[in-house]
Amino acid sequence: MNRKFISGFCFFILVIVILTGCNVTKNFSSNEFLLTGNKIIVADHKVPMEDLEPYVQQHPNKKLLGLFRTNIAFYNMGSHGKETKFKKWLRNKIGTAPVLLDTSLVSVTLKQMSLYLGNKGYFHSMVTDSIRYKKKKASVEYHIQTSNPYKVRNLFYSIPDTQVAAFVYKDTAKSLIKRGKNYDAYLFDDERTRITSNLQNSGFYKFSNIYIVYRIDSNFRQYQMDITLEITNPVVPSFENFNTVLQAPHKRYFINKIYVYPEFDHLITDTGRYDTLVKSYQSAVKGQPPNTFYFLYRNRFNVKPRTIAQSIFVSPGLNYNLFDVNQTYSQLSGLQVFKYINLQFYESLDPSTFRVPGKDILDCKVELSRSPAHSFTVTTDGTNSGGAFGIQGNIGYQNRNVFRGAQLFRINLSGSLQMQASGGSSGSQFFNTIEVGINAALTFPQFLIPIKPETLPKKFKPKTTITIGYNYQHQIDYDRHISNISFGYSWLQNEKIRHILNPIEISLVKVFTDAYFDSVINSQPDKRLKNQYTDHMVAGLKYTFTFSTQKVNKIKDFIYIRSNLETGGNLIYAIDKIFNIPKSDSGMYTLFGLPYSQYVRPDIDFRYFNVLGNNFSLVYRFYGGIGIPYGNSGVLPFEKAFFAGGANGMRGWKMYYLGPGSYHSNDQTTFNQIGDIQIEANVEYRFPVYHWIRGALFVDAGNIWLLNDEGDLPGGKFVFPDFVNQIAIDAGLGIRLDFDFFIFRFDPAIPLRVPWYPQNDRWYFNKMQLKDIIWNFGIGYPF
């Protein structure tokens, strides 16, 4: 089946769908109208239109590419004629029923908008609608004329419980209600939630937001209000007169005993059969006695008590703290060894056991049920790495509790076959590139350092990871063997900031080439090209800083920053210098017979996600990095060099085919174009197309450069400000299939500005051809 036939067939189907969709109203009755649009018009722009959109009760059918309502067309195609399974599938899965105007829902929308405006302080606003009818179609306009807003003149507090009042008053600087601001019922609810959380974090276990009420006095001119925030006391029955109730102060609770059930089972209710193990561990809080935990178990411990205790943030002797409870849930869940986690609190039956008499105390019960420790995964994928098509597969094994301390062990065996163009000596196989690798990682839920884990704050959620791997790559002209090992730590500073420090990262690279390829390499003056196919070692340190303002389950704008700092070879170089180790015949210091690299390499990746609502978003990305070789290295090791192109960067070029600078070679060999500096910026507009189909319009701009002039790579050096004229630009229209559990991405792109073209003729618009499109495939979003 040739391409012309496929293109013609697809065009024929598209015409049929469009023509069918154009006559979607032919079967409507006289009082049925297809809803084609909603429009909100705010006369004075005091309220953003986007804030009112959620209250619209009825929305028209979506359009394919914003042009055609093909979903209605498919629905109609499946609704006519004799009923078949195919038509039922077409109607229910591909098509959607036409949305008919419902005037009762228009009235509901008006009421909801009026309520919203009142809650924002715009009482007595005018909200009206107008419906435009045309040829069995209707569009609705909502007209908003806001009134003058009421503002907060004074904020008072009425708190009869002096203990509660003390905690509230010392936190008033963080109040969300400000004098002079508009009345906002939603903000008042947020303030109620904030005060409740603050009190629950201070020991008031039974406190809830129902005790917080607002008294509003709006008997003033000039649209002003006096707000009184009142915190009432709980009521209890009078034992002397059951017809009356009394008010009691709120109780502030402290934690007494913590009972842990590591093998909790809902079906077993006989608690008398448990054995009890009492364990005490040093408290991270200065001046506090050791934390004591009571473990109730039947068989041997599958997870060590110390590991569980390190994940429990609730501490005996301290006040109840809701934040600590949530942290405990998060940390225990992060161990990945428990499928059921539940914390229960109840008033202690024996208050005399508490270390401070006269306090209201709680006992805590931690119920845990283990999840299966072992799991296997098998995956296969089609790949397109810079235009080289292939297949790959992975087999993985995972043990979540390898040493009974929630240590996570993972091992993965991977393999791939690719067809890649080569200018080498020979070879015409369909798959001429083979890659096989095995990687293993072991993660510990604490720092592996000679310090007791109890002495460090639990909020860091520390981890230690050891990885080891081997990778074999076979191409027509050479074989490459890569061995690597790393040891590192990761921890959280807070909910936004994460640190990763790998003090040990070692890679050993051995390359075996044939005679023809050797002759080609030796004839090249470029040192970095020789480095790609020469035995070498990279031993260094890497630090990663990550910052993200993304909130789970909240759709709002956020920032993501990831920055790395790598250094290599410094410790080994210092030892060689101190002990006067001689250089090898190649003029370089070596370790285990391999020359090692010495360099520093910082980079930063900045992303801003602008959420526009209804699955529409704008994503901005900037990436910049520089690698500086020195000492024992004349060039960056190939693994640490920068490259441009491919499905996750400059999508208008194949991987390793762009740069450095304005350099270009027509030599179709396996040599990769790499650099010492990279600058790249991307903008992507993401939008829904149909059901699980998403679209994206994107523009990429960037390039790579060299630090120094190299005669065989003319135009490759970074020169300020001339580098701006060497920026490459591409654009494309992508399709993403969002299956929830993974996203398949198809991002065709074409160059718009080519840096190696003549200085005044680098725009590509008048030279575009279909063959210039780069067909990028990927799993997940590019950034």
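Everything discussed here concerns the structure shown above.
Residues numbered from 1 in each chain as written. Predicted model: local features only at pLDDT ≥ 70, side-chain atom pairs only at ≥ 80, totals over all residues. Heavy atoms only, no water.

## Considering the overall build of the protein chain
Helix and strand content of the protein chain: twelve helices and 32 strands. Principal-axis analysis of the C-alpha atoms places the extent of the protein chain at approximately 105 × 80 × 60 Å. At a minimum sequence separation of 6, the contacts of the protein chain that also span at least 24 residues come to 64%. As presented, the protein chain carries roughly 42100 Å² of accessible surface, and 58% of it is formed by carbon and sulfur atoms. Considering the protein chain, the positive charge centre built from 85 side chains and the negative charge centre built from 62 side chains are found 4 Å apart. (Helix = DSSP H or I, 4+ residues; strand = E, 2+ residues; numbered from the N terminus. Contact = heavy atoms within 4.5 Å. Areas by Shrake-Rupley, 256 points an atom, 1.4 Å probe, with all protein chains shown as cover. Lys, Arg positive; Asp, Glu negative; His and termini not counted. Charge placed at Lys NZ, Arg CZ, Asp CG, Glu CD.)

## Focus: the nonpolar core
What tends to happen in soluble globular proteins is that the nonpolar side chains get buried as a cluster. Core analysis: the largest hydrophobic core is formed by 27 residues, its most contacted members being Phe338, Phe345 and Val366. Sorting the residues of this core by element identifies strand S9 (253-261), strand S11 (291-297), helix H8 (305-310), helix H9 (322-334), strand S12 (338-347) and strand S13 (360-370) as the ones contributing at least two each. Residues in contact with Val366, not counting those within four places in the same chain, are Ile258, Tyr259, Val260, Tyr261, Ile312, Leu332, Asn342 and Leu343. Listed in part, the 23 residues of the second largest apolar core include Ile159, Phe204, Phe207 and Tyr211. (Core = buried A, V, L, I, M, F, W, Y, C linked by side-chain atoms within 4.5 Å. Buried < 20%, exposed > 50% of the residue type's maximum accessible area, 1.4 Å probe, protein only.)

## Some details on the packing of aromatic side chains
Under the defined criterion, the tally for this structure stands at 43 aromatic pairs. On the numbers, 5.8 Å between centres and 85° between planes, the contact of Phe295 with Phe301 is edge-to-face. With respect to burial, Phe295 and Phe301 carry one shared label: buried. Every member of this aromatic cluster is reached through a ring pair, and the members are Phe123, Tyr150, Tyr183, Phe188, Tyr214 and Tyr223. The positively charged end of Arg298 is found above the aromatic ring belonging to Tyr274, 3.9 Å away from the centroid. Taking the ring centre of Trp763 as reference, the NZ or CZ of Arg753 above it sits at 5.7 Å. (Phe/Tyr/Trp six-rings, centres within 6.5 Å; stacked < 30°, edge-to-face > 60°. Lys NZ or Arg CZ within 6 Å of the ring centre and 35° of its normal.)

## Overview of the sheet that holds strand S2 (residues 126-134)
For sheets, the rule is that strands pair by backbone hydrogen bonds, running either parallel or antiparallel. Spatial ordering of the open sheet is given by S1-S3-S2, a layout of three strands whose pairing is mixed. What marks the edges here is a single partner per strand, and that holds for strand S1 (34-42) and S2. Strand-to-strand twist in this sheet, taken as the mean axis angle between neighbours without regard to direction, amounts to 15°. Lying over the sheet, helix H5 (residues 103-119) contacts S1, S2 and strand S3 (137-145), oriented at roughly 155° with respect to S2. (Pairing = 2+ DSSP bridges. Axes fitted to C-alpha atoms, helices over the stretch in contact; angles between N-to-C directions.)

## Describing the pattern of salt bridges
For the coordinates displayed, the defined rule picks out 22 salt bridges. Salt-bridge contacts for Asp603 lead to Arg601; the nearest nitrogen and oxygen are separated by 3.1 Å. (Salt bridge = Lys/Arg side-chain N within 4 Å of Asp/Glu carboxyl O.)

## Quick notes on the packing of helix H3 (residues 70-77) against helix H4 (residues 85-94)
Look at H3 against H4: their axes get within 8 Å of each other, and the N-to-C directions meet at 155°. As judged from the angle between their axes, H3 and H4 are roughly antiparallel. Here H3 and H4 pass one another in a crossing that is left-handed. Contacts between H3 and H4 involve Asn71, Phe74, Tyr75 and Met77 from the former and Lys87, Leu90, Arg91 and Ile94 from the latter. (Parallel < 35°, antiparallel > 145°, perpendicular 65-115°, else oblique. Left-handed = near helix turned anticlockwise from the far one by under 90°.)

## Here we look at unusual backbone geometry
Put simply, Gly659 and Pro660 share a cis peptide bond, and its omega is -5°. Phe720 connects to Pro721 through a cis peptide bond whose omega is 0°. Here Pro721 shows up in the loop between strand S29 (693-705) and strand S30 (728-738). Even without being a glycine, Arg404 presents a positive backbone phi close to 60°. Checked against the element boundaries, Arg404 lands in the loop between strand S15 (388-399) and strand S16 (408-418). On the basis of relative accessible area, Arg404 is assigned to the partly exposed category, the value being 29%. Positive phi, normally seen in glycine, also occurs at Asn580, with a value near 55°. Relative to the assigned elements, Asn580 resides in the loop between helix H12 (570-578) and strand S23 (590-591).

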